[in-house]
Each structure stands twice: as C-alpha cells, then as structure tokens.
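Now for the letters of each chain:
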2 protein chains.
Amino acid sequence: MSTGDSQEEAVDVLQQLGLKEYEAKCFVGLSRMSTGTAKQLSEITDVPRTRIYDAIRVLEAQGLVEVQHSSPQRFRAVPLSEATETLRGQYESRIDRLTDALERTEKVDSSDPSAVQEIWAMTGTEAIANRTHKLVADADEEIVLVIGDNSLLTDKLVSDLNGRADEVDLFIGTATEQLQHRVQEAIPDATTFVSGLEWLREEGTTEDETAIGRLLLVDRSMILVSTLATHTGDEHAIFGGGFQNGLIVISRRLLSQGLIPS
Amino acid sequence: MSTGDSQEEAVDVLQQLGLKEYEAKCFVGLSRMSTGTAKQLSEITDVPRTRIYDAIRVLEAQGLVEVQHSSPQRFRAVPLSEATETLRGQYESRIDRLTDALERTEKVDSSDPSAVQEIWAMTGTEAIANRTHKLVADADEEIVLVIGDNSLLTDKLVSDLNGRADEVDLFIGTATEQLQHRVQEAIPDATTFVSGLEWLREEGTTEDETAIGRLLLVDRSMILVSTLATHTGDEHAIFGGGFQNGLIVISRRLLSQGLIPS
DNA sequence: GTGTTTTGTGATTATCTGAGTGAAATTTCG
DNA sequence: CGAAATTTCACTCAGATAATCACAAAACAC
C-alpha cells in the first residue's frame, strides 16, 4: 500500500499527542472519508467494530469528530485546520495552567553550597538550541560560536545573532569555507573564520561516531559544547557557567589548537 | 500544605502533556529548588529514591532538566520559559508531521448517499468556538447570532465579527440589556437585540441544568445551537448544514417565539 | 585503614491501563 | 415475528508503569 506509511505515521503522531491507538486510528480513518459508519470505519482501520463507539466518544469530547445521531450513527472528522486549532488550544491552556501552578508553588531553599566547578549536561537539539538562544541573548561583551554542522545554523539563530551584533563582539567559526561565506553574508557584522574541527572528533566503533556540534563561549565566562551523533542526529551538550577564571585556561587551549583565531 | 494543590495541579498538567507520574513529580520538585540531589528530590516528591535516576534520564532527554555529572549527581530544572519553549517546539513539529502525513494519505470515496437531513453533534467549548469562527468566516450574506452566556463572547469572536461587518448583515442577540450595550459598542455595525432566552431552558434535576449557549444562523442555510451545562460548563452543540429550505421553517419558528426580531 | 553511610544500578513484584474478544440488548427491515 | 445489523457492556489478557528489594560502588567519618 503506497500510503500505508503515512497512515502509520499519522497514527503515531496522534498517539504522541495523547490519543490512544484506537482513537488515533479512528481519526485517521475518518480523515480519509467524508463521512462513515462504525462498520466502514472498522473495515479500513482494523479497529474492532465494537470498540469504535468508545473511541469516537472520546474524540468527540475532544472536539475532533462530529457525530450524526441517527441510526446507524455517522461520524465525520473535523477539518484538519480546525482540529489542529483545537489541539493547539488544549496545549496553550495546559501551558498556562502549568505556569500558574508552578508559580504558586512554594520554593524550598536548598542553600546551594560551594558552587565551584559547575558543569551541567543536557540532551536534545531542541533544548540545546533554546539554551543557545538564551545565552546569546544574555551576552554582555563577546560571543564566540563555532558551528560544526550546518543544520544547526537555523534562521532563528541567525536573527538572534544579528540582533546582538551592535552590542557584543561576534566571532563565528565554521567547518568549511562555503559555510563561512554563507555566515559572512547572513551576519555581516561578525568576524568569521574556518575552524580546525578535526579537534575532538572521536571515532568510536563505526556505530557511534560523534562530531562536534556547537561550541559557544560567552563573555569568556560560560561555555557550551555539544556533540552530534552522526548516525542518529542526537545532540548532547555540556554547559558550564559561573567560572571565575577557569575558562581562561580553556580559551587559551582552544587558541593554541587553532580552533579560535587570536 | 498551602501549595499542595498547586503542586498536584502542576503534576497533573505535566502528565497530560505526556510525562509519567514520576517524571512530572521530579520536574515539579526540581522547580522548587535551585538544584538538588536524588536524595533531596526523593524527600520532597515522595518518589522512591532509586527511581529518581530513571525519571531524570527521561527528563534530560526531553530537555527539561540538566544534570551535573559529579558524585553525587546534582539535578536542576531548566528555566520554565525554556521548558515551555521546548515543549512548544515538540508540539509544533508533531502538528507539522501530522499535517504532512494526513495529506499524503489516500482518500477513499465513501460515495456519500442522500445527504438530506444532516444534523451533527460536537462537544467542547474549544471545538465549538472554532466551528463558530469558521462559520462566521464563510458567511455570504447574513449572520444571526444569539449569545446565551457572556463567557462565550471572546475577543477573537468580536474581532472576527467586526471583520465581516461590511460584507454581511449582522444580527446579534444577547440575554441581558447590559450585554447588548457591550456588544453594540464592540461591534457598532451590528444590529443588536435582547432575546427571550427562556425558550428552551431545561430544568432537569437540579444536577443537570442546561442553559442555551449560542445560537448561530448563517445565510439561513446553516444553524448551530449549543447548550451549556450550568454546573460543569460543558458545552454541547448540534450543527446542521446543507439544507435547501428546511431552515426557513426553523427561522420562522424562532421569529414567532420572539427569539429573533423581524 | 576500617566501618558506616550515601549513592547508583539492576532485578523483581504488584498494580493499573489499554488492547482485544465475545455476549447481550437494541434497533432495523423484510 | 424473525434475521441481520447496530450498539452497549462486561470480561480476559498483555504490556506498561508504579513500587520494593537486593546489592555493588563510592564517599565519608573516625
């Protein structure tokens, strides 16, 4: 079947969005026909016919399908645009409730002791990108950024950097000359360079090869380094802040390795 | 405990957003302290200490917490703004994938037979509001809208109606004179009136009293009527379209009941 | 160093949710 | 009225998740 994969993917995504298997299958099935009865639906979704009704009821309560109360009942999926709008509404209201509830929550002071050598790890391109944006936004004087993979040079990142260009010094390194030119055009105020990224390239078994993803140095006091698993695209980062002078050592080492020009 | 409810609500919402109980509790717990160890977390969240690690790993993979790989490990929640940004990103990408997949899906023609008397039901204020917006946007000549409860007169609805004011005739009815004045100010081009909404007020057992929510008549060819459960706020709607002349009967009846002025 | 506490991993059991199935009640139609 | 389809309901089974325990490794106190 040519569109079988698409269907499975749609069902998958709907389950990630919180629907049960039957509910997801029913919605996808209904999206394929203008209108349908329980029997028809059961045939193209291989959801047991006797369970169609439960699933539809939940979907109706979520505003994703309409029901014609005749005999036999007929079902119909809400137009996709309306459905996504409804789902978005759910999401927004949840975020709002979460924010409210968390703010009302009383904090407990864990009298954080000697915060000397703070190195934190995080995972996931999305989260790391967010953290990158925040660091860029909070920079006071200088941003040194090395991009290891051009997939990480998003539009948002470019515009964020341009937004800071007249307040802080920008140094942006890339893996290749082509990418350097692109960056130079996109962010004219930045000083760009090509970095010797062979540094730190780890070749494990051919299975888990990792390349350097980003290297971000903000005001010489915070650093973020991420690695990209070349096969899965998973991104892992370590992030350090609150150094008093430790990073000077690292900076010097990076300089000496030719990763950052003087 | 004064903020106990808030905490439970936060945990609840996080679970609705797809986290497991332990994960949600850990995130909320971490949000209450700047930084914490597994033991501290276990104490304030009553998640078994030995399960903290699993939960944190999942949270880290989702970009919701950072881990300091020392001994003992220390955990820290990502700032709320970053967390919601990350969650939003997940949501957006899921919606995109869903849209793509559904569009790629092959439709099956269910040669919809005699579509005579089509009455559909839907549930949920969110979904009904979306449908209302769509009907308003698609109107050609005339919109008759009766608002039974002022909570339904949202800003978006007002602006949508104003957007159509010079293309279609607007008749807007309300339950009270105060509300009528508000509407008249907000939508100056509309003809407003106070409607006798005692019509159709059903008093069941004191448990399930329902009031009329909205009544929308578009181009005399589509109708949407909703009821509001006064205690829970649940909104149920029936929606009819594709009539050739059936609605003329209904319109006449509504007129004769004084619900709509001539 | 040694004994004790804390930390982290893994295995195991109990509980709950959801998928899958069939019986029974209801309706439709000949 | 009887047969077929529709719809609801109750039940089983499997997999996921919560909860507990056992144990090794590390950190700490003395």
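Residues numbered from 1 in each chain as written. Chains lettered and ligands numbered in written order. Predicted model: local features only at pLDDT ≥ 70, side-chain atom pairs only at ≥ 80, totals over all residues. Heavy atoms only, no water.

K.L.:
Before we move on, can you summarise the interface of chain B and chain A with the specific residues and values?
P.N.:
With 70 residues of chain B in contact, the opposing surface of chain A contributes 71 residues. Both sides of the chain B and chain A interface together cover about 6600 Å² of buried area, and 55% of this is carbon and sulfur. Per-residue buried area on chain B facing chain A is highest for R32, Y91 and W120 of chain B; these three make up 11% of the total on that side. The interface formed by chain B and chain A includes 10 salt bridges. (Contact = heavy atoms within 4.5 Å. Buried area = accessible area lost by both parts, 1.4 Å probe. Salt bridge = Lys/Arg side-chain N within 4 Å of Asp/Glu carboxyl O.)

K.L.:
Give me the lowdown on the protein's contact with DNA strand C, citing residues and values where you can.
P.N.:
As a structural note, the neighbourhood of DNA strand C is formed by 16 residues, with K20 and R51 of chain A together with R51, Y53 and Q73 of chain B the closest of them. The sugar-phosphate portion of DNA strand C accounts for 55% of its atoms within 4 Å of the protein, the bases making up the rest. R49 of chain B has a polar side-chain atom sitting 3.1 Å from a base nitrogen of DNA strand C. Within the side chain of R51 of chain B, one N or O atom sits 2.8 Å away from a base nitrogen of DNA strand C. Counting residues per element, the ones that place at least two in the surface near DNA strand C are α2 (21-31) and α4 (49-61) of chain A together with α4 (49-61) of chain B. The element best represented in the surface near DNA strand C is α4 of chain B, accounting for 5 residues. Broken down by class, the residue content of the surface near DNA strand C amounts to 4 nonpolar, 5 polar and 7 charged. (Near = heavy atom within 4 Å. Polar contact = N/O pair within 3.5 Å; in protein donor to acceptor, adjacent residues only side chain to side chain. Helix = DSSP H or I, 4+ residues; strand = E, 2+ residues; numbered from the N terminus. Nonpolar A, V, L, I, M, F, W, Y, C, P; charged D, E, K, R; others polar.)

K.L.:
Give a detailed account of the packing of aromatic side chains, specifying residues and quantitative values.
P.N.:
Evaluation of the coordinates by the stated rule reveals 1 aromatic pair over all chains. The cationic tip of R131 of chain A hangs over the ring face of F239 of chain A; the distance from NZ or CZ to the ring centre is 4.9 Å. (Phe/Tyr/Trp six-rings, centres within 6.5 Å; stacked < 30°, edge-to-face > 60°. Lys NZ or Arg CZ within 6 Å of the ring centre and 35° of its normal.)

K.L.:
Go over the nonpolar core with me, naming the residues and quoting the values.
P.N.:
Among the nonpolar cores identified, the biggest contains 122 residues, and F27, I56, I143 and L161 of chain A together with F27, I143 and L161 of chain B are the most heavily contacted of them. The residues contacting I56 of chain A, other than those within four sequence positions of it, are C26, L30, L41, V65, V67 and F75 of chain A. (Core = buried A, V, L, I, M, F, W, Y, C linked by side-chain atoms within 4.5 Å. Buried < 20%, exposed > 50% of the residue type's maximum accessible area, 1.4 Å probe, protein only.)

K.L.:
Lay out the protein's contact with DNA strand D with the relevant residues and their values.
P.N.:
Near DNA strand D lie 14 residues; those nearest to it are R49, Y53 and Q73 of chain A together with K20 and Y22 of chain B. Near the protein, meaning within 4 Å, the atoms of DNA strand D are sugar or phosphate in a fraction of 72%, with bases accounting for the rest. The separation between a phosphate oxygen of DNA strand D and a polar main-chain atom of Q73 of chain A is 2.7 Å. In the model, a phosphate oxygen of DNA strand D is placed 2.5 Å from a nitrogen or oxygen of the K20 of chain B side chain. For the surface near DNA strand D, the secondary-structure elements that each account for two or more residues are α4 of chain A together with α2 (21-31) and α4 of chain B. If you tally residues by element for the surface near DNA strand D, the top one is α4 of chain A, at 4 residues. Class assignment for the residues of the surface near DNA strand D results in 4 nonpolar, 4 polar and 6 charged.

K.L.:
Provide a residue-level description of unusual backbone geometry, including the pertinent values.
P.N.:
Peptide bonds are, in most cases, trans, and in most cases residues other than glycine have a negative phi. Omega for the bond connecting S71 of chain B with P72 of chain B falls within 30 degrees of zero, at 0°, which places this linkage in the cis form. Along the polypeptide, P72 of chain B turns up in the loop between β1 (65-68) and β2 (74-77). In this structure, D46 of chain A is a non-glycine residue whose phi angle is positive, near 35°. When you line up the elements, D46 of chain A lands in the loop between α3 (38-45) and α4.

K.L.:
Describe the pairing of strand β9 (residues 235-240) of chain B, with residues and values.
P.N.:
All names here are of chain B. Two elements, strand β3 (residues 119-123) and β9, share 5 bridges in a ladder whose sense is antiparallel. Residue pairing in the sheet places W120 in a bridge with F239 of β9. In the sheet, strand β8 (residues 222-229) pairs with β9 via 6 bridges, with the strands oriented antiparallel. When the sheet's bridge partners are listed, I223 is paired in β9 with G240. As consecutive antiparallel partners, β8 and β9 are separated by 5 residues, and within that stretch G233 has a phi angle of approximately 85°, a positive value. (Pairing = 2+ DSSP bridges.)

K.L.:
Tell me about the pairing of β8 of chain B, and please be specific about residues and values.
P.N.:
Residue and element names in this part refer to chain B. β8 sits mainly inside the fold: 6 of its 8 residues count as buried. The pairing of strand β7 (residues 210-218) with β8 spans 7 bridges and is antiparallel. Following the sheet pairing, A211 is matched in β8 by L228. Between the antiparallel neighbours β7 and β8 lie 3 residues, among them D219 with a positive phi of about 55°.

K.L.:
Can you tell me about the pattern of salt bridges, naming the residues and giving the values?
P.N.:
Taken as a whole and judged by the stated rule, the model has 26 salt bridges over all chains. For R104 of chain B, the salt bridge is made with E9 of chain A, and the minimal N-O distance between the two is 3.4 Å. Linking R104 of chain B in helix α5 (residues 80-104) with E9 of chain A in helix α1 (residues 4-16), this pair reaches from one chain into another. On the accessibility criterion, E9 of chain A (26% relative accessible area) is partly exposed. One salt bridge connects E142 of chain A with R220 of chain A, and the closest N-O pair in it is separated by 3.0 Å. Here E142 of chain A, found in strand β4 (residues 142-147), pairs with R220 of chain A, found in the loop between β7 (210-218) and β8 (222-229); they are 78 residues apart in sequence, far enough to count as distant. Here E142 of chain A falls in the buried class, since its relative accessible area comes to 13%. What makes R220 of chain A partly exposed here is its relative accessible area of 40%. Ionic contacts of the salt-bridge type, sharing partners, join the residues E66, R76 and E82 of chain A together with R131 and K134 of chain B into one network.

K.L.:
I'd love a proper account of a negative patch on the surface, names of residues and values included.
P.N.:
Residues and elements named next belong to chain A. Negative charge collects at one region of the surface, where D138, D140, E141 and D169 lie side by side. Positionally, D140 belongs in the loop between α6 (125-138) and β4. The exposed category is assigned to D140, whose relative accessible area is 59%. (Patch = residues over 30% accessible without salt bridge, like charges linked within 9 Å, V, L, I, M, F, W, Y side chains within 5 Å. Areas by Shrake-Rupley, 256 points an atom, 1.4 Å probe, with all protein chains shown as cover. Lys, Arg positive; Asp, Glu negative; His and termini not counted. Charge placed at Lys NZ, Arg CZ, Asp CG, Glu CD.)

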